[in-house]
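Geometric and topological summary
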Amino acid sequence: MDYSKSVIPSHLFGDRGSNLVVINPGSANIRIGLAQQDSPFSIPHCIARRTTGANQLPRKNVQDQMLNSQVTTAQHVEREKAYDIIASLMKIPFLDEEVVNNSHPRKMGRVDVLSQQNGKKEIVYSWTDVFQNNSGSSMALESSSHKHETSESLGLQESNGEDKPDSSEPKYKEYICGEEAMRISPTEPYCLRRPIRRGHLNISQYYPMQQVLEDLQAIWDWILIDKLHIPHSERNMYSALIVVPETFDNREIKEILSIVLRDLRFSSAVVHQEGLAAVFGNGLSTACVVNIGAQVTSVICVEDGVALPHTQITLRFGGEDVSRCLLWTQRHHQTWPPIHTDALAKPIDLLMLNRLKESYCQIYEGEVEAVGVVHSYEDGLPPGSHKTRLTALNVAPMGLFYPTLLVPDVYPPPPRSWFKDYEDMLEDTWHFDFPRRPDVSDGLYSGINNPLQMWDNYPYMSNQQKKEDNIGLAEAITKSILSTGRIDLQRKLFCSMQLIGGVALTTGLISAVEERVLHAIPSNEAIDTVEVLQSRTNPLVVAWRGGAILGVIDYGRDAWIHREDWIQNGIHIAGGRKYKDSYYLQAQPMCYINS
C-alpha cells in the first residue's frame, strides 16, 4: 500500500528511520515525525504566549494584528471584476445579477450536509483551557515535568509559582502551541504568533527576529517532547532532516540549522528542498512541482533528481486566502449568518473557514451550493450553530487562477533585504560601510538603534533571484516550464505536473489546471499535451514522505552537518552569531543521492 515501502525495504525504514526526525515547516502548519512513521504529525505552526501588563495598548490577541490592512477601493473593484470573469467561465450569474425568473433552468449541485464530498463531519471547536492542570501529587508532577517539558517551560512555571504560592489559585500556562493556541478566547491574556508567514520568517517591526527564533524553538521543542517523546537527554541519538520551502533564503536556512543543532541538540542535520523531496515522495525523477500551501504557492521544475533554481516562481497566495474569499463570497450573497467572523483577528474562525473550504469548495461548471453548519465563536461564549445555505462554492478556489479575487496581500511585505547574504557571514558586518541609497537621509545611518530599518535599506545582489509574480496559477506553471528553454524537457514537464499541498485535494482542481495551462501556452510553442500526474502519496504529506526517503537513502551522510562542527565553525562567541560560508550552505540542498 505504501509506495515508499515498496521502493525501499521496510527494514531499512525501521533501522535507519528510527532515529531520524523529518521536519517540514510551513507558514500555517508544520509536519514532523520519525522517518519510520507512515505519516507525520501535522500541527498548526503557531504559539500563543501569555501577555503581562494590563495596560498594554493596543491589546493584541494576534501578533500580526497591527499589520492587517483593509481591502482598498481599487482592490475591491478588481475583486468584483475577477468574480464576473469566473462567473462567465463557470456559467453562473454575475456578482450583482438579479435572476428575476427561472425560465432558464440552472445546473445545480447540492451537497448533503450529512454526506459531504470528503466524508468530513461538522466539527465544533471548543475554547482552550488556558490554566495549568494541578491535579495529582507534586512528586508525580515533578517527574512528569522532567520527562515531558522543556527547561524553558519549567523555569516559567517555577517563577510563576513563586509569585503565587497559593496552589489553589489557578495558574495560566505561559505558552500554548498548535491548534490549542488557535482556540484561545480573545478575552484571555494571550497573543498568538506565527513565526513563519508567507513562506518566510515573520520578522517585522512588531515581531523582532529574536522572538521569531525563540518561538520556533519553543514550538518544535514542544512537539519533540509532547508528540514524539524525545527528551533533551536523548537528542544526541537523533538526526534531523529539514525539508525547507523553496521560498526560504540562505540566512533563514542558517537560522533554522542553528535552532536544530544548537538549541534542539540534534547530533546532525541536513537540508533538502521541498520541491525535490516531493518528487522523491512520488517516485519520480522529473516533474514540475506545484506546491499550493496555506499562504504561499511555489512552482519549481526538477530534472533527473535536480531542482532547477531558475524555474522557481513564488505566488503570494494559498489555501487560507481561498478560505477568506469563501467568507467574502457568502457575505456578498448575504448567505452568511449575522455573526462576527474574523479570520485574521480570531484564529478559531480561520479553523472553521478552512474546514468549510475543505468540505464544500470544488470546481465545476454550474451553481455549486450546499447546506452547511456555520459556527460562531464570541468572546468565550459557547459556540453557536447556524444552519445556512452556502452558495457559489466554485468561485473561491478559482481565485487560484485569478488572484485579484483573493486580495492576497493582507499584510505588507516583511523587510526582505534582511534575509539576503550581503557577504560571507564569517565576517563581522557591524563595522562595514555599506553604500547608501541616495533617497535615504544620513540620519538613518547614525546608529544601529533600529537594525531592522538599517538592513531594510541596504542594497543587495542575490545570487539566486527568486521571482514573486502577481499572476495566476496556470500562467506561473507555464512560465516556469518554458523557462527551461529545451523543447524536449518542456514537453516532458508539461506532462509531468505534480500538485501538492492541502489545496491539491480540491475536487475538480486537476482538470481545471490542465485546461488552463493548455490555454496559457503561447500558440507559437510546439506543445499540445498537458497532464497532472496522480499523486501516489497524500499531497498533504508527500514532501515530508520524500524527505524521509532521502534520509533513509542517504545513509552515508556525506552532506550532513554535525552539531559540534556547526557550533565550532558557525558561532563565534565574541561577536555574536557567525555562520558557515554561504556558498557551502547553498550547495547543501543539491547534495542528493540518486538511487
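Remember, predicted model here, so these are calculated numbers, not experimental data.

In terms of regular secondary structure, the protein is built from 19 helices and 21 strands. Just so you have it, the protein exposes about 26500 Å², and 51% of that area is on carbon and sulfur atoms.

The buried fraction of strand β14 (residues 306-315) is high, at seven of ten residues. Here strand β13 (residues 297-303) pairs with β14 via six bridges, running antiparallel. In the sheet register, Ser 298 faces β14, and the bridge partner there is Thr 314. Here β13 folds back onto β14 in antiparallel fashion, the turn holding two residues, of which Asp 304 has a positive phi close to 50°.

The nonpolar side chains of soluble globular proteins are, as a tendency, buried together. Ranked by internal contacts, the top residues of the largest apolar core, which has 79 residues, are Phe 401, Ile 477 and Val 513. In terms of residue count, the dominant contributor to this core is helix α11 (residues 347-360) (seven residues). Setting aside its immediate chain neighbours within four residues, Phe 401 contacts Ile 363, Gly 472, Leu 473, Ala 474, Glu 475, Leu 509, Ala 512, Val 513 and Arg 516. Leu 34, Ile 47, Ile 230 and Val 271 belong to the second-largest nonpolar core, a separate cluster that totals 40 residues.

It is worth spelling out the sheet that holds strand β4 (residues 47-50) at this point. Spatially, the three strands line up as an open sheet ordered β6-β4-β7, and their pairing is antiparallel. Two strands close off the open sheet at either side, each with one partner strand: β6 (175-177) and β7 (190-193). Each adjacent strand pair in this sheet contributes to an overall mean axis angle of 20°, direction not counted. Pairing of β4 with β6 involves three bridges; the strand directions are antiparallel. Across the sheet, residue Ile 47 finds its bridge partner in β6, namely Cys 177. Each of β4, β6 and β7 touches helix α7 (residues 209-226); the most contacted strand, β4, lies at about 110° to it.

It is worth spelling out the environment of Arg 545 at this point. Within the secondary structure, Arg 545 is located in helix α17 (residues 542-553). Once the C-alpha coordinates of Arg 545 and Asn 282 are considered, the two residues, 263 residues apart in sequence, prove to be 8.7 Å apart.

Here the focus is the sheet that holds strand β10 (residues 239-244). Strands sit in the order β3-β2-β1-β10-β11-β19 across an open sheet of six strands; the sheet is mixed. Of all the strands in the sheet, just β3 (41-44) and β19 (561-562) have a single pairing partner and so form its edges. Sheet analysis places strand β1 (residues 20-25) next to strand β2 (residues 29-34), joined by five bridges and oriented antiparallel. Pairing of Pro 25 across the sheet is with Ile 30, part of β2. Along the sheet, helix α9 (residues 274-281) makes contact with β1, β10 and β11 (268-273), crossing β11 at roughly 85°.

All right, on to the pairing of β1 then. Along β1, six of the six residues are buried, which leaves the element largely enclosed by surrounding structure. The two faces of β1 match: Leu 20, Val 22 and Asn 24 on one face and Val 21, Ile 23 and Pro 25 on the other face are all buried. Note that β1 and β10 share four bridges and pair parallel. Bridge pairing in β10 places Leu 20 opposite Ser 239. In this antiparallel pair of consecutive strands, β1 and β2, the connection spans three residues.

Turning our eyes to something else, we now look at the pattern of salt bridges. Overall, the coordinates contain 19 salt bridges when judged by the stated rule. The partner of Glu 179 in a salt bridge is Arg 183, and the shortest N-O contact between them spans 3.2 Å. By relative accessible area, which is 33% here, Glu 179 ends up partly exposed. Look at Arg 183 and you get buried, because its relative accessible area is 11%. The partner of Glu 255 in a salt bridge is Arg 251, and the shortest N-O contact between them spans 3.8 Å. Placement of both Glu 255 and Arg 251 in helix α8 (residues 250-263) is noted, with a separation of four residues, approximately one turn of the helix. Residues joined in a network through salt bridges with shared partners are Arg 49, Arg 193 and Asp 215.

Below, the discussion takes up α11. With 14 residues, α11 extends 20 Å from end C-alpha to end C-alpha; this agrees with the ideal 20 Å at 1.5 Å per step. Counting buried positions along α11 gives twelve out of 14 residues, so the element sits mostly inside the fold. Listed in full, the buried residues belonging to α11 are Pro 347, Ile 348, Asp 349, Leu 350, Leu 351, Met 352, Leu 353, Asn 354, Leu 356, Lys 357, Ser 359 and Tyr 360.

Contact pair helix α3 (residues 73-90) / helix α10 (residues 319-332): the axes reach a minimum separation of 13 Å and the direction vectors enclose 85°. With respect to α10, the element α3 is oriented roughly perpendicular. In contact with His 76, Arg 79, Glu 80 and Tyr 83 of α3, α10 contributes Trp 328, Thr 329 and His 332. A breakdown of the residues in the contact of α3 with α10 according to their chemical character gives two nonpolar, three polar and two charged.

Turning to the confidence of the model for the protein, a few remarks are in order. Taken residue by residue, the protein gives an average pLDDT of 78. The fraction at 70 or more is 70%. Confidence drops under pLDDT 50 across residues 136-165; counting only partners more than four residues distant or on other chains, this segment forms 29 contacts. When the criterion is pLDDT under 50, residues 421-465 qualifies, and its contacts beyond four places in sequence or with other chains add up to 65 contacts.

Turning next to the environment of Met 398. Structurally, the position occupied by Met 398 is in helix α12 (residues 395-398). Look at Met 398 and you get buried, because its relative accessible area is 0%. Apart from residues no more than four positions distant in its own chain, Met 398 is found in contact with Ile 86, Met 90, Ile 363 and Arg 516.

This next bit is on unusual backbone geometry. In this structure, Arg 198 is a non-glycine residue whose phi angle is positive, near 50°. On the secondary structure map, Arg 198 appears in the loop between β8 (196-197) and β9 (200-201). Take Arg 198: its relative accessible area is 6%, and that puts it in the buried class. In this structure, Gln 334 takes a positive phi of about 60° despite not being glycine. Along the chain, Gln 334 falls in the loop between α10 and α11.

Rules and cut-offs
- Residues numbered from 1 in each chain as written.
- Predicted model: local features only at pLDDT ≥ 70, side-chain atom pairs only at ≥ 80, totals over all residues.
- Heavy atoms only, no water.
- Helix = DSSP H or I, 4+ residues; strand = E, 2+ residues; numbered from the N terminus.
- Areas by Shrake-Rupley, 256 points an atom, 1.4 Å probe, with all protein chains shown as cover.
- Buried < 20%, exposed > 50% of the residue type's maximum accessible area, 1.4 Å probe, protein only.
- Pairing = 2+ DSSP bridges.
- Core = buried A, V, L, I, M, F, W, Y, C linked by side-chain atoms within 4.5 Å.
- Contact = heavy atoms within 4.5 Å.
- Axes fitted to C-alpha atoms, helices over the stretch in contact; angles between N-to-C directions.
- Salt bridge = Lys/Arg side-chain N within 4 Å of Asp/Glu carboxyl O.
- Expected span 1.5 Å × (residues − 1).
- Parallel < 35°, antiparallel > 145°, perpendicular 65-115°, else oblique.
- Nonpolar A, V, L, I, M, F, W, Y, C, P; charged D, E, K, R; others polar.
- pLDDT = per-residue confidence, 0-100.

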